[in-house]
Amino acid sequence: MITPYRSDIERHLATARWFAGKGRPFRVAGLRSAPVPGGSDGLELLVVLVEVEYLDAAGGTELYQLPVSVHAAPKEHLEPAWIGRWDGRHAYDATHDRAAMTQWLEAFALSADELARVDTPLRFHRCGDADLPTGERPGLMTAEQSNSSVAYGEELLMKLFRKVTPGPNPDIEIHEVLTRAGSDHVAALHGWVDWETDEGEVVQLAMLQQFLRTGSDGWALARSSARALFAEADLHAHEVGGDFASEAARLGQALAETHATLAEHFPTQQLDAAGARALADTMLARLDWAAEQVPALEQYVDRLRPRLAVVADVAEEAGVRVQRIHGDLHLGQTLRTVKGWKLVDFEGEPARPLHERSHPEPVWRDVAGMLRSFDYAAAVVQRELGGEGAASDDQRAYRAEEWVERNRRAFLTAYAGGELSPEQELLCAAFEADKAVYECVYELRNRPDWADIPLAAVARLVASETAAVAE
Ligand SMILES: Nc1ncnc2c1ncn2[C@@H]1O[C@H](COP(=O)(O)OP(=O)(O)O)[C@@H](O)[C@H]1O
Ligand SMILES: [Mg+2]
């Protein structure tokens, strides 16, 4: 097997879209390679696990997956994916390489005999026994994402995780459980790829699932609905062609059904007083941490505290159940297909350590994530259309609020199967505040232009009636 060049990998990582350490000083502290079974003459396909060590004060290490295809002759069409020249051969990021990604898919269909001939720590697991159409042409998806996904024809999608951690990957774990349970709200899982290390750990590298070819991204659909409303000066949300409320309701229903299936197949638990206190403390600590970094949040801290702390009181009085949830739910993680809404990407909040992401949580974290996303959709559209004078801005702000309120209600009512109880309202508001507080930090760091979207939400939340009940 060819030996990767450390300096080439470092250079490649530094500019890769999925590399989380861009701008930070780092070095490649370790490299391990594994051959992918199968393949054709002149192409060597391997997976390189790259251990990155950060050299700044924050320090720490991360593990990345880099599938590499090595060709004897240079491949002009792969030029943008070029990594380096190794032992006179040419190494490329294999996700761009059709021949390599075909080999990756075909490895799922190899016989035990064929697999036994290759000494590799890679394991290709199947879920279900449907025949895999392996003849389809692979193509790398162009969506802005943190991992890399390759579609094969119209049926299959392979998601290769870039930043990996030893242990079960929640995206694979949850897709497997929901697929076996016959859920209507996820793309069916067909298989996954593991690396079994010499130390007995498993690093999960990729998942193969149904390609939701007809799916439209919920984030795009919601924004076009808001745009349609703003374009109609005299109509209200429910009168406009692009009304989203029925979709919001179907989303609420899809989330409720998904939560119910997850509760059936993973352990659930009633939070005890200590657990509820710990949950509230985590939120309060996140608030302090956020206020240190976002000076504009400071003025809301005192009024936010009771709204977060209330989680512990509600748990004590009415009880709060925790269970497996999506963990990072927003409109961008939903797809509207001809067969209804599907939820994607169960990896949880990328900023949190993997072991925390599979902790059972109140379902209200997901519900709040979606509510925040409605607010973002309207706010972002308002911005796109802004700058046409103060009067129209006011008018638009009013209509945005109307759009958000209508969709929130439709979503919540469908989710809860009716009005929320006062306790549910409190929990939902607490998780929404927690999420908005986190977003304030995220936007300041990543998209300062959007920083006032979550900040305005925080201001609204502390002023709202629901939250006042908490005092
Ligand atoms: N099974 C699927 N079929 C079609 N498109 C999908 C599928 N899963 C995800 N997508 C699309 O690809 C995008 C990125 O997928 P996602 O799983 O969220 O990856 P990441 O972990 O990189 O965010 C999603 O926002 C969605 O639009
Ligand atoms: Mg995603």
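Because the structure is a prediction, the values reported are computed rather than measured.

Enquirer: Even after reading the chapter, I still don't get the domain arrangement of the chain, so can you show me in this structure?
Expert: Accessible area lost upon the coming together of the parts is a frequently used measure of interface size. In terms of domain boundaries, the chain breaks down into domain 1 (6-210) and domain 2 (216-325 + 360-468). Inter-centroid distance (C-alpha atoms) of domain 1 to domain 2 is 35 Å. Taking both partners together, domain 1 and domain 2 bury about 740 Å²; carbon and sulfur atoms supply 71% of that area. Counting across the domain 1 and domain 2 interface gives one salt bridge. Note that Arg 324 and Glu 173 form a salt bridge whose closest N and O atoms lie 3.1 Å from each other. One can count two residue pairs in polar contact (both at pLDDT 80 or more) joining domain 1 with domain 2. Class assignment of the residues belonging to the side of domain 1 that touches domain 2 gives a composition of five nonpolar, one polar and one charged.

Enquirer: What am I meant to see in the coordination of the magnesium ion (ligand 2) here?
Expert: When a metal carries six donors in an octahedron, the ideal angles between them are 90 or 180 degrees, while four donors in a tetrahedron ideally lie at 109.5 degrees. Within the protein, the atoms that donate to the magnesium ion (ligand 2) are Gln 333 (OE1) and Asp 345 (OD), at distances of 2.1 to 2.6 Å. Taken together, the positions of Gln 333 in the loop between β15 (321-322) and β16 (334-337) and Asp 345 in the loop between β17 (340-343) and α9 (354-357) put the pair twelve residues apart, joining distant regions of the chain. The buried category is assigned to Gln 333, whose relative accessible area is 6%.

Enquirer: Explain the packing of helix α4 (residues 170-180) against helix α6 (residues 245-265) here, please?
Expert: A pair of packed helices can be characterised by two numbers: the angle between their axes and the separation between those axes. Between α4 and α6, the shortest axis-to-axis distance is 10 Å and the interhelical angle comes to 95°. Taken together, α4 and α6 sit at an angle that is classed as roughly perpendicular. Across the interface between the two elements, Ile 174, Val 177 and Leu 178 of α4 pack against Thr 258, Thr 261, Leu 262 and His 265 of α6. Class assignment for the residues of the contact of α4 with α6 results in four nonpolar, three polar and no charged.

Enquirer: What's the story with the nonpolar core in this structure? I'm lost.
Expert: As a rule of thumb, nonpolar side chains are buried together in soluble globular proteins. Leu 297 and Trp 403 are the most contacted members of the largest nonpolar core, which totals 82 residues. Here this core takes twelve residues from helix α10 (residues 364-385), the largest share from any one element. Beyond its immediate sequence surroundings of up to four residues, Trp 403 is in contact with Ala 222, Ser 225, Ala 226, Leu 229, Phe 244, Phe 374, Ala 377 and Ala 378. By size, the runner-up hydrophobic cluster in this structure holds 34 residues, among which are Leu 63, Phe 108, Tyr 152 and Leu 156.

Enquirer: Please explain the side chain of Asn 147 as it appears in this structure.
Expert: Here Asn 147 shows up in the loop between β7 (138-140) and β8 (148-152). Here Asn 147 falls in the buried class, since its relative accessible area comes to 5%.

Enquirer: Which parts of the structure should I look at to understand the pattern of salt bridges?
Expert: If the charged atoms of two oppositely charged side chains come close together, the side chains can form a pair. In total, this model carries 30 salt bridges according to the counting rule given. Ionic pairing is found between Arg 11 and Asp 8, a salt bridge with its closest N-O pair at 2.6 Å. Of this pair, Arg 11 and Asp 8 both sit in helix α1 (residues 6-15), separated by three residues, roughly a single helical turn.

Enquirer: I would appreciate a short explanation of the sheet that holds β17 in the present structure.
Expert: If you trace the three strands from one edge of the open sheet to the other, you get β13-β16-β17, paired in antiparallel fashion. Edge positions in the sheet fall to β13 (216-217) and β17, since each has one partner strand and no second. α6 contacts β16 and β17 of the sheet and is inclined by roughly 50° relative to β17.

Enquirer: What exactly am I supposed to notice about the state of the cysteines here?
Expert: In a disulfide, the sulfur atoms of two cysteines are held together by a covalent bond. Applying the stated criterion to the full structure yields zero disulfides. Distance from the sulfur of Cys 428, which forms no disulfide, to the nearest cysteine sulfur (Cys 440) is 18 Å. Judged by relative accessible area, which is 3%, Cys 428 ranks as buried.

Enquirer: When you look at the environment of Met 158 in this model, what are you seeing that I'm missing?
Expert: For Met 158, the location among the structural elements is in strand β9 (residues 156-160). Exposure remark for Met 158: the relative accessible area of 0% places this residue in the buried category. Sequence separation of Met 158 and Trp 104 is 54 residues, and the distance between their C-alpha atoms is 9.4 Å. Excluding its chain neighbours within four sequence positions, the residues that come into contact with Met 158 are Trp 104, Leu 105, Phe 108, Ser 148, Ser 149, Val 150, Tyr 152, Ala 206, Met 207 and Leu 208.

Enquirer: Is there a simple way to explain the environment of Ala 94 in this structure?
Expert: With respect to the helices, strands and loops of the structure, Ala 94 is situated in the loop between β5 (89-93) and α2 (98-106). For the pair Ala 94 and Val 47, spaced 47 residues apart in sequence, the C-alpha separation works out to 9.0 Å.

Enquirer: Quick question: what am I supposed to make of the site of ligand 1 here?
Expert: Taken together, the neighbourhood of ligand 1 is formed by 16 residues, with Gln 145, Asn 147, Lys 159, Gln 210 and Leu 212 sitting nearest. The separation between a nitrogen atom of ligand 1 and a polar main-chain atom of Leu 212 is 2.7 Å. Note that an oxygen atom of ligand 1 is positioned 2.9 Å from one of the side-chain N or O atoms of Asp 345. Considering ligand 1 on its own, with 550 Å² of exposed area, one finds that the protein chains cover 88% of that surface. Elements that contribute at least two residues to the shell around ligand 1 include exactly β9 and β12 (202-210). A class-by-class count of the residues in the shell around ligand 1 yields seven nonpolar, seven polar and two charged.

Enquirer: Could you clarify how one ought to interpret the packing of α10 against helix α12 (residues 422-446) in this entry?
Expert: At a minimum axis distance of 8 Å, the contact between α10 and α12 shows a crossing angle of 60°. Considering the angle they form, α10 stands oblique to α12. The element α10 and its partner α12 pack so that their crossing is right-handed. Listed contacts from α12 to Trp 364, Arg 365, Val 367, Ala 368, Leu 371, Arg 372 and Tyr 376 of α10 are Gln 424, Leu 427, Cys 428, Phe 431, Glu 432, Asp 434, Lys 435, Ala 436, Glu 439 and Glu 443. Residues of the contact of α10 with α12, tallied by class, amount to nine nonpolar, one polar and seven charged.

Enquirer: Is there a simple way to think about unusual backbone geometry in this case?
Expert: Trans peptide bonds make up the majority, and among non-glycine residues the majority have a negative phi. Positive phi outside glycine occurs at Asp 87, with the angle close to 50°. With respect to the helices and strands, the residue Asp 87 is situated in the loop between β4 (82-86) and β5. Judged by its relative accessible area of 52%, Asp 87 is exposed. Unlike most non-glycine residues, Asp 345 shows phi in positive territory, near 65°.

The rules behind these values
- Residues numbered from 1 in each chain as written.
- Chains lettered and ligands numbered in written order.
- Predicted model: local features only at pLDDT ≥ 70, side-chain atom pairs only at ≥ 80, totals over all residues.
- Heavy atoms only, no water.
- Domains from an automatic or database assignment.
- Buried area = accessible area lost by both parts, 1.4 Å probe.
- Salt bridge = Lys/Arg side-chain N within 4 Å of Asp/Glu carboxyl O.
- Polar contact = N/O pair within 3.5 Å; in protein donor to acceptor, adjacent residues only side chain to side chain.
- Nonpolar A, V, L, I, M, F, W, Y, C, P; charged D, E, K, R; others polar.
- Donors = N, O, S within 2.8 Å, 3.2 Å for Na, K, Ca; no water.
- Helix = DSSP H or I, 4+ residues; strand = E, 2+ residues; numbered from the N terminus.
- Buried < 20%, exposed > 50% of the residue type's maximum accessible area, 1.4 Å probe, protein only.
- Axes fitted to C-alpha atoms, helices over the stretch in contact; angles between N-to-C directions.
- Parallel < 35°, antiparallel > 145°, perpendicular 65-115°, else oblique.
- Contact = heavy atoms within 4.5 Å.
- Core = buried A, V, L, I, M, F, W, Y, C linked by side-chain atoms within 4.5 Å.
- Pairing = 2+ DSSP bridges.
- Disulfide = S-S within 2.5 Å.
- Near = heavy atom within 4 Å.
- Areas by Shrake-Rupley, 256 points an atom, 1.4 Å probe, with all protein chains shown as cover.
- Left-handed = near helix turned anticlockwise from the far one by under 90°.

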